[in-house]
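This is what each chain is made of:
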Amino acid sequence: MRQRTGAPVVALAGNPNVGKSTVFNALTGSRQHTGNWSGKTVANAYGVMRCGDTGLTLVDLPGTYSLRARSSEERVARDFLASGDADAAILVADATCLERNLILVLQVLEVMPNAVLCLNLMDEARKKRIRINTEALQRELGIPVVPCAARRGRGLPQLTQAVCCVLENDSSGPVAAIRYPDVIENALQRVGGTRGEALATLALHPPGGLTGQQFDDMVTAAAALRAEEIALTCVQVPEAACARDRQLDRILMSRRLGIPLMLLLLALVFYITLFGANVPSEWLGTHLLGLTAPIAAGLSALGLPPFVVSMLVDGVWRVLATVVSVMLPPMAIFFPLFTLLEDAGYLPRVAFQLDHAFQRAHACGKQSLSMCLWKKCMRPQPLDRRGAIAYI
Ligand SMILES: Nc1nc2c(ncn2[C@@H]2O[C@H](COP(=O)(O)OP(=O)(O)OP(=O)(O)O)[C@@H](O)[C@H]2O)c(=O)[nH]1
Ligand SMILES: [Mg+2]
C-alpha cells in the first residue's frame, strides 16, 4: 500500500442515484441517507471500512454525471477527485444504463487510474435481461470490475477484496482511453504530465481559441463517444427491456401530458394524506385525550401536588397526545405513498420535469422533492391553543 500518513483514503464516486451511499453504508456500517432520486448526498461523508487488519477511510461523494459538471454538489465531487487526496476510487455504475455511467468512469480514470468499477444494480439489470460481459469491460477499462447488488449486500466482499488489491498494487500507469479531437490532443502533448492534470490546466486556458464551454462540451462528447464504443462491445440490451419504460415515459414525460399528470398524481397523494388522515387523527385524539382524566386521577392518588399534576397532565400529556394524533396519521399515509412513487422511479422524473422551471429561480428540479416533504408538514388542522403551540 502507498506510504502516507494516516489511513489510505478511498473515494466512492459515480453518477447520481446509482447506489453509492448504499455501498458506503454497507461497507462502513454508516447510516447515510439513501433514496430513489438524484442529489441526496450533497457533501462528502466519511466512514471507515476494513481491508483485512487495515482501516481505510471511505469518502462518499455527491453524484455527478461528468467531471466537467458545474453544479455545486458536483463540483464537490470533482474537486475531491482532482485534489489527489484519495489513494484509490470505487466507481459505482448503474448496470441498467452502463453507457451513460461510463462517461464519468472514463473521465475519473484519467485523474485516478487506481480504481475499481462496482457494477451495481445487477439485480435490476438481470430483471431487464441486460447482459454485461464483465471480462471484456475489465479489458477495455483496465481496472477490476465487480458486479454487485448493494441493497442486498451481493458482491460486496468481492468489492472489498478488489479495493484491497488495487491499494496494494498501486497502478499508476496513464489511462488513455478517451481520444479527444486533435486540437485538444495536441495541446495535451504540449502541456505534458498526466492526462488528468493536463486537462485540468487546459480547462483553465482552453486551446485553439475555444471558450470554456466549448472545451467542456468537446471533452464530454469525446468521453461519450468512447463510452458508446465500450457499451457496444460489452453490453447486450434486449429491445423489449426498454420498450415498456419507453412507452411509459412517452406518456409520463410528454410535453402536453407530463406536467398535468404529475400535478394530478401529486395532488392525489396530498388529497389522500390530508383527508385520509382525518379519521385516524380524530380517533387517536379522542382516545389519547380521553386518558387525561384517569392519568390526572392516578397522579393525584400518588400524592403529587396539584401544580405538578397540572404540569404533567396539561403540559406534557395533552401536548404529546395532540402531537401524536395530528402528526402520526398523515406521516403514516404520506411516506409510504412517497416511497411507492420513489420505488417506481417516478420521483427522478418529477425532478427532471421541474428542472427548467426551478432553474429560472436559480434552483434545480431535485429541490421539488424536498418541497413536497415540506408541503406535507404544512397540513392544516383544527387545534386547540395547546395543540397549535405543539404543532408550531
Ligand atoms: N434494486 C436495487 N436498488 C438499489 C441497489 N443499490 C442501491 N439501490 C437503491 O437505489 C437508490 C439510490 O441509492 P443511493 O445509495 O441513495 O444512491 P446514491 O448514488 O448515493 O445517490 P446520490 O447521493 O443522490 O448521488 C435507493 O433507493 C437504493 O435503495 C441495488 O443493488 N439494487
Ligand atoms: Mg448518496
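All figures in this text were calculated on a predicted structure; none of them were measured in a lab.

## Some remarks on the nonpolar core
Most often, soluble globular proteins have nonpolar side chains that are buried together.
Item 1. Membership of the largest hydrophobic core comes to 54 residues, with the highest contact counts inside it found for Leu91, Leu117, Leu119, Leu137 and Leu141.
Item 2. Composition of this core by domain shows at least three residues from each of domain 1 (9–168) and domain 2 (182–236).
Item 3. Counting 26 residues, the second largest nonpolar core, distinct from the first, contains Val10, Ala88, Leu156 and Val166.

## Observations regarding helix 9 (residues 212–234)
Item 1. Helix length check: helix 9 (23 residues) gives 33 Å between terminal C-alpha atoms against 33 Å at 1.5 Å per residue, within 8%.
Item 2. Of all the positions in helix 9, only Phe215, Asp216, Val219, Ala222, Ala223, Arg226, Ala227, Ile230, Ala231 and Cys234 are classed as buried.
Item 3. Where helix 9 is buried, its residues touch helix 3 (98–111), strand 6 (131–132), helix 5 (134–141), helix 7 (182–191), helix 8 (195–204) and strand 8 (235–236).

## Comments concerning helix 8
It helps to recall that an α-helix has 3.6 residues per turn; residues three or four apart then point in one direction.
Item 1. When helix 8 is considered as a whole, its buried residues turn out to be Arg195, Gly196, Ala198, Leu199 and Leu202. The arc that holds the buried residues of helix 8, viewed along the axis, is 160°, so those residues lie on one side. Away from the buried face of helix 8 by more than 90 degrees, exposed residues Glu197 and Leu204 are located.
Item 2. Each element contacted by the buried residues of helix 8 is listed here: helix 3, helix 7 and helix 9.

## A few points about the sheet that holds strand 2 (residues 45–51)
Item 1. On the basis of which strands lie adjacent, the open sheet formed by six strands has the order 2-3-1-4-5-7 and mixed pairing. At either end of the open sheet lies a strand with only one pairing partner, and these are strand 2 and strand 7 (145–147). Shown here is a sheet whose adjacent strand axes are inclined to one another by a mean of 25°, direction ignored.
Item 2. Both strand 2 and strand 3 (residues 54–60) contribute to a ladder of seven bridges, which runs antiparallel. Opposite glycine 47, over in strand 3, you have leucine 58 as the bridge partner.
Item 3. In the packing of helix 6 (residues 156–168) onto the sheet, the strands contacted are strand 1 (9–14), strand 2, strand 3, strand 4 (88–94), strand 5 (115–120) and strand 7, and the crossing angle to strand 5 comes to about 165°.

## So, a nonpolar patch on the surface
Item 1. Together, Leu268, Tyr271, Ile272 and Phe275 line one region of the surface with nonpolar side chains, adding up to about 410 Å² of accessible area.
Item 2. If you trace the backbone, isoleucine 272 turns up in helix 11 (residues 258–276).
Item 3. Residue class for isoleucine 272 comes out partly exposed when judged on its relative accessible area of 34%.

## As for the side chain of arginine 226
Item 1. One can find arginine 226 in helix 9.
Item 2. In this structure, arginine 226 is in contact with Leu106, Glu140, Ala177 and Ile178, ignoring residues within four places of it in sequence.

## Some remarks on unusual backbone geometry
Item 1. Phi is positive for asparagine 17, which is not a glycine, with a value near 65°.
Item 2. Structurally, the position occupied by asparagine 17 is in the loop between strand 1 and helix 1 (20–28).

## Some details on the pairing of strand 4
Item 1. By the criterion of burial, strand 4 is predominantly enclosed, with seven of the seven residues buried.
Item 2. Bridge count between strand 1 and strand 4: five bridges; the pairing is parallel. What sits directly across from leucine 12, in strand 4, is isoleucine 90.
Item 3. With six bridges joining them, strand 4 and strand 5 adopt parallel strand pairing. Bridge pairing links leucine 91 to leucine 117 in strand 5.
Item 4. Considered for its hand, the β-α-β crossover made up of strand 4, helix 3 and strand 5 is right-handed.

Conventions used here
- Residues numbered from 1 in each chain as written.
- Chains lettered and ligands numbered in written order.
- Predicted model: local features only at pLDDT ≥ 70, side-chain atom pairs only at ≥ 80, totals over all residues.
- Heavy atoms only, no water.
- Core = buried A, V, L, I, M, F, W, Y, C linked by side-chain atoms within 4.5 Å.
- Buried < 20%, exposed > 50% of the residue type's maximum accessible area, 1.4 Å probe, protein only.
- Domains from an automatic or database assignment.
- Helix = DSSP H or I, 4+ residues; strand = E, 2+ residues; numbered from the N terminus.
- Expected span 1.5 Å × (residues − 1).
- Contact = heavy atoms within 4.5 Å.
- Arc of directions from axis to C-beta.
- Pairing = 2+ DSSP bridges.
- Axes fitted to C-alpha atoms, helices over the stretch in contact; angles between N-to-C directions.
- Patch = residues over 30% accessible without salt bridge, like charges linked within 9 Å, V, L, I, M, F, W, Y side chains within 5 Å.
- Areas by Shrake-Rupley, 256 points an atom, 1.4 Å probe, with all protein chains shown as cover.
- Salt bridge = Lys/Arg side-chain N within 4 Å of Asp/Glu carboxyl O.
- Right-handed = clockwise from strand over helix to strand, strands pointing away.

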